[in-house]
Amino acid sequence: EPQGLARAYGLLAELSARGTEGADEELAAAKASALEAGALDPDVDREETKSLLQDEEEPVRILVVGGDTARKPTLDAFNALAEELGFEGEWVFTGLRPPYTTLREIANEAQDADVVLLHPAVGPDLRGEVKRLGEQYDVPVRDAAWLGAGGLERELLFTLKDAFVD
């Protein structure tokens, strides 16, 4: 299943980023399998993406939906990438919150977003509602395979790529 291959790649990228012995070899094999199955797009060039962002009149705005406040290190990395690459970002944590409050906040943020990235932990009901909001606001919604330390940059680069597709 393609989504499973993408998640396996994401988990291995996380282990590799943490220096786990043997993860690099497994990561290369998982990437090859995921690419062959069409579960991953070929790599997006970081400098090319940065250049595209600098050419924009206004910053591209990404909304990430999902996860909980325990993701603070990932949020810090997200904010650092936003500053380095030149995009604006907002992260709406879903965690243990009332669904109506969460959905209202997502709707407010999605109106101004250029693209939405869904955390893999977002449940099917909320995922469906966010995708409907994306259609309503004409904003692309992308499912992330993995948003840990090893997958965040890759997912953001693909999400930014989606923001440039007409």
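Above this text sits the structure in question.
Notes on the structure in this doc start here.

A few points about unusual backbone geometry
- Of note in the backbone geometry, D138 takes a positive phi value of approximately 55 degrees without being a glycine.
- Note on placement: D138 falls in the loop between α6 (124-137) and β4 (141-143).
- D138 gets classed as exposed once you look at its relative accessible area, which sits at 68%.

Structural notes on a negative patch on the surface
- On the surface, a cluster of negative charge is contributed by D55, E56, E57, E58, E88 and D114.
- Classification of E58 by relative accessible area gives exposed; the value is 62%.

Concerning the packing of helix α3 (residues 46-55) against helix α4 (residues 72-85)
- Viewed as axis vectors pointing N to C, α3 and α4 meet at an angle of 65 degrees, and their least axial separation amounts to 9 Å. Classified by the angle between their axes, α3 and α4 sit roughly perpendicular to one another. Here R46, K50 and L53 of α3 come into contact with α4, specifically with L81, E84 and L85.
- Here the residues of the contact of α3 with α4 sort into three nonpolar, no polar and three charged.

Here we look at the packing of aromatic side chains
- The final tally for this structure, using the stated rule, is three aromatic pairs.
- Relative to W91, the ring of F78 has its centre 5.5 Å away and its plane inclined at 85 degrees; by these criteria the two rings are edge-to-face. Highlighted residues: F78 in helix α4 and W91 in strand β2 (residues 88-92), separated in sequence by 13 residues.
- Among the residues examined, F78 registers a relative accessible area of 0% and is labelled buried.
- The exposure class assigned to W91 is buried, which follows from its relative accessible area of 7%.
- Linked through ring pairs, F78, F87, W91 and F93 together constitute an aromatic cluster.

Let's talk about α4
- Across its 14 residues, α4 extends 20 Å between first and last C-alpha, which sits within 8% of the 20 Å expected from 1.5 Å per residue.
- Residues of α4 that are buried include every one of T74, F78, L81, A82 and L85, and no others. End-on view of α4: buried residues confined to an arc of 105 degrees, all on one side of the axis. Counted as exposed and oriented over 90 degrees from the buried face of α4: P73 and E83.

Looking at the pattern of salt bridges
- The final tally for this structure, using the stated rule, is eight salt bridges.
- Linking E105 and R97 is a salt bridge whose minimum nitrogen-to-oxygen distance equals 2.6 Å.
- Taking relative accessible area as the criterion, E105 reaches 27% and is therefore assigned partly exposed.
- Overall, R97 belongs to the partly exposed group, its relative accessible area being 30%.
- Notably, a salt bridge pairs R132 with E129, separated by 2.8 Å at the nearest N-O pair. With R132 and E129 both in helix α6 and three residues apart, the pair spans about one turn of that helix.

Conventions and cut-offs
All residue numbers here refer to positions counted from 1 along the written sequence of the relevant chain. Local features are withheld for residues below a pLDDT of 70 in this predicted model, meaning they are given only at 70 or higher, and side-chain atom pairs are given and counted only at 80 or more; totals for whole chains, interfaces and linings count all residues. As a rule here, side-chain values cover all heavy atoms of the structure and leave hydrogens and water aside. A helix here means a DSSP run of H or I that spans at least four residues, while a strand means a run of E at least two residues long, and both kinds are numbered starting from the N terminus. Exposure categories follow from relative accessible area, calculated using a 1.4 Å probe and restricted to protein chains: below 20% of the type maximum is buried, above 50% is exposed, and the middle band is partly exposed. Residues enter patches when their relative accessible area tops 30% and they take part in no salt bridge; the joining distance is 9 Å for like charges and 5 Å for the nonpolar side chains Val, Leu, Ile, Met, Phe, Trp and Tyr. Every accessible area reported is derived by Shrake-Rupley at a probe size of 1.4 Å, with residue values counting cover from the shown protein chains alone. By convention in these notes, a salt bridge is any Lys or Arg side-chain nitrogen within 4 Å of a carboxyl oxygen on Asp or Glu. Positive charges come from Lys and Arg alone, negative charges from Asp and Glu alone, with His and the N- and C-terminal ends not counted. Lys charges are placed at NZ, Arg charges at CZ, Asp charges at CG and Glu charges at CD. Every angle, taken between N-to-C directions, lies between 0 and 180 degrees, and every axis is a line fitted to C-alpha atoms, over only the stretch in contact when it is a helix. Angle categories: roughly parallel below 35 degrees, roughly antiparallel above 145, roughly perpendicular from 65 to 115, and oblique for all the rest. Contact criterion: two residues are considered in contact whenever any of their non-hydrogen atoms come within 4.5 Å of each other. The residue classification treats Ala, Val, Leu, Ile, Met, Phe, Trp, Tyr, Cys and Pro as nonpolar and Asp, Glu, Lys and Arg as charged. All others, Gly included, are polar. Note on ring pairs: Phe, Tyr and Trp rings are taken, using the six-membered ring of Trp, and paired if centres are within 6.5 Å. Classes follow the plane angle, with under 30 degrees stacked, over 60 edge-to-face and the rest tilted. Expected helix span is given by 1.5 Å per residue-to-residue step, counting one fewer step than there are residues. Picture the helix axis, draw a direction to every C-beta atom, and the arc is the one those directions span.

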